[in-house]
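Coordinate analysis (summary)
So you can see what is in the structure, the chains are spelled out below.
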Amino acid sequence: DAFAAANPAAFIASLPPQTPEYAALQRARLELVAAQSKGGWGPLIKAEKLEPGATGDAVVALRDRLTRQGYLAPMVTAEYDPQIADAVKRFQADNGLTADGVAGASTITEINHEPVDRLKSVLVAMERLRWMNGLPLGSRHIWVNLPDFTAKVVDDGKVTFETATVVGMNQPDRRSPEFSDQMEFMVVNPKWNVPRSITVKEYLPMLQKNPLAARQLKIVDRQGRVVDRTQVDFTQFSERNFPFSMSQDPSDGNALGLVKFMFPNQWNIYLHDTPQKPLFKKEVRAYSHGCIRLAQPFDLAYTLLARQTDDPEGLFKATLKTRRESVLKLDQPVPVHLVYFTAWPNVYGQIEYRRDVYGRD
């Protein structure tokens, strides 16, 4: 194609992703290379924690690194004053940290990253975008950036809904995968059919110690009959020969919460509600078995249903009120992209960074 093109140079220039995100990453790459060539962002901060009111060499290092990274105007103070605290808050917000204005251990670790470290994240992000080049994201799509712990609805390039997420634990069989699919429907008041792996690895050892453990779950035989736990010796079974399945009926305490959003895939991954709300207050939220838990699942349901009904909240709540497992189909399937970007531009084109929670970079 290059040889056949009237302008081979223009043809080659058209091959990389032609997106504003890729262009922003290209600009960041040049800026980081320039910063590294000038010696980086200054001396490292040698402290475990710095709070407003502190003074000394570590505060000077904090001040200088924030200045060179563009968060603070040049100043001569050696005190952790309100201006520095505000700069720390902005830095924290840009790096997925709790924006409290206190430079704790995690904040100092992130501020101490050198331009070459950030450059690696940018280069990996550019490569991941090249892998996705040509993949139609969809004019409306759901963007789940795993290390950012968020799920977003994007309409024509603009984020119209966002919620915090909990993703898979950083363990070999629990890390959330990266893939794209089509969300086709949601299940309201879902029943939880416990995956075989969880049944035999987590619940079987509990039952062997105490047959009455995990009473919220039903144990069912191969004929679909509920098993009387008190009549079974669970110690005779292993992971390989356990003959039962386990499930949880719809309820407020159901592990899937009150709604799950389905895009059938080979990993059996989906987005869902959860009764474990306190986890959303944590900074690093990798606790699930692989599925994506949502902080605001009802609002996501309203957002998705708004395109096919004049009263999305009313439709959802009426379905919820039945207390029965029900399916609400999406008239137009919505593309879902589970991605892994530790460097990504915000709406202003500035690059924000996230920790490499799975070590995939």
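See the structure printed just above.
In what follows, the accompanying structure is described. (Residues numbered from 1 in each chain as written. Predicted model: local features only at pLDDT ≥ 70, side-chain atom pairs only at ≥ 80, totals over all residues. Heavy atoms only, no water.)

Now for the side chain of Arg63. With respect to the helices and strands, Arg63 occurs in helix 3 (residues 57-68). Excluding anything up to four places from it in sequence, Arg63 contacts Leu72, Met75, Val76, Thr77, Ala78 and Ile84. (Helix = DSSP H or I, 4+ residues; strand = E, 2+ residues; numbered from the N terminus. Contact = heavy atoms within 4.5 Å.)

As a further point, take the environment of Trp143. Locating Trp143 in the fold gives a position in strand 1 (residues 140-145). For the pair Trp143 and Val153, spaced 10 residues apart in the sequence, the C-alpha separation amounts to 6.4 Å. Dropping the residues within four chain positions of it, Trp143 is found in contact with Met132, Leu137, Thr150, Ala151, Lys152, Val154, His337, Val339, Phe341 and Trp344.

So, about the packing of helix 8 (residues 297-305) against helix 9 (residues 312-321). When two helices pack together, their arrangement is given by the angle between their axes and by how far apart the axes lie. Interaxial distance between helix 8 and helix 9 falls to 8 Å at its minimum, and their mutual angle equals 125°. The angle between the axes of helix 8 and helix 9 places the two elements in the oblique class. Note on packing geometry: the crossing formed by helix 8 with helix 9 is right-handed. Where helix 8 approaches helix 9, its residues Phe298, Ala301, Tyr302 and Leu305 are matched on the opposing element by Pro312, Glu313, Leu315, Phe316, Lys317 and Leu320. (Axes fitted to C-alpha atoms, helices over the stretch in contact; angles between N-to-C directions. Parallel < 35°, antiparallel > 145°, perpendicular 65-115°, else oblique. Left-handed = near helix turned anticlockwise from the far one by under 90°.)

Glancing now at the packing of aromatic side chains. Remark: the centre distance and the inter-plane angle together describe each pair of aromatic rings, the angle taken between the planes. Within the structure shown, the criterion is met by 13 aromatic pairs. Seen in terms of ring centroids, Phe179 and Trp267 are 4.5 Å apart; in terms of plane orientation they differ by 35°. Their pairing is tilted. Note that Phe179 is positioned in strand 4 (residues 179-188) and Trp267 in the loop between strand 8 (259-262) and strand 9 (271-272), a separation of 88 residues in sequence. Of the residues examined, Phe179 reaches a relative accessible area of 10% and is grouped as buried. (Phe/Tyr/Trp six-rings, centres within 6.5 Å; stacked < 30°, edge-to-face > 60°. Buried < 20%, exposed > 50% of the residue type's maximum accessible area, 1.4 Å probe, protein only.)

The subject of this paragraph is the pairing of strand 2 (residues 150-155). Among the 6 residues that make up strand 2, 6 are buried, leaving the element largely enclosed by the rest of the structure. Here strand 2 shows two buried faces, one formed by Thr150, Lys152 and Val154 and the other by Ala151, Val153 and Asp155. As paired strands, strand 1 and strand 2 are joined by 6 bridges and run antiparallel to one another. When the sheet's bridge partners are listed, Arg140 is paired in strand 2 with Asp155. Two successive antiparallel strands, strand 1 and strand 2, enclose a turn made up of 4 residues, where Phe149 displays a positive phi of approximately 55°. Looking at chain direction, strand 2 and strand 3 (residues 158-168) are connected through 6 bridges and run antiparallel. (Pairing = 2+ DSSP bridges.)

Over the atoms rolls a probe the size of a water molecule, and in doing so it shows where empty space is left. As enumerated under the stated definition, the model contains 1 cavity of 30 Å³ or more in all. Its boundaries defined by the atoms lining it, the largest cavity holds a volume of some 40 Å³. Lining the largest cavity are Asn95, Gly96, Pro147, Phe149, Glu283, Arg354 and Arg355. Residue classes in the lining of the largest cavity are distributed as 2 nonpolar, 2 polar and 3 charged. (1 Å grid on protein atoms, 1.4 Å probe; cavity = no way out; pocket = protein on both sides within 12 Å on 5 of 7 lines; lining within 4 Å. Points joined across faces, edges and corners; volume = space filled by probe spheres on them. Nonpolar A, V, L, I, M, F, W, Y, C, P; charged D, E, K, R; others polar.)

Right, let's talk about the nonpolar core for a bit. The tendency in soluble globular proteins is for nonpolar side chains to be buried as a group. If you look at the biggest cluster of nonpolar residues, it comprises 58 residues, and the most contacted ones within it are Met183, Met186, Phe261, Leu271 and Phe316. Ignoring any residue separated from it by four or fewer positions in sequence, one finds Met186 in contact with Val259, Lys260, Phe261, Ala301, Leu304, Leu305, Phe316, Ser326, Val327, Leu328 and Leu330. One finds Tyr22, Ala35, Met132 and Ala343 within the second-largest nonpolar core, a separate group that totals 21 residues. (Core = buried A, V, L, I, M, F, W, Y, C linked by side-chain atoms within 4.5 Å.)

Here the focus is the layout of surface pockets. Its volume calculated, the largest pocket comes out at about 920 Å³. Glu21, Trp143, Gly157, Trp344 and Pro345 are, among the 36 residues lining the largest pocket, the residues nearest its centre. Every element with two or more residues in the lining of the largest pocket is listed here: helix 2 (20-37), strand 1, strand 2, strand 3 and strand 13 (343-345). If you tally residues by element for the lining of the largest pocket, the top one is helix 2, at 4 residues. Taken together, the residues of the lining of the largest pocket sort by class into 15 nonpolar, 12 polar and 9 charged. The space that makes up the second largest pocket amounts to roughly 720 Å³.

Function-wise, these values are silent; they only describe arrangement.
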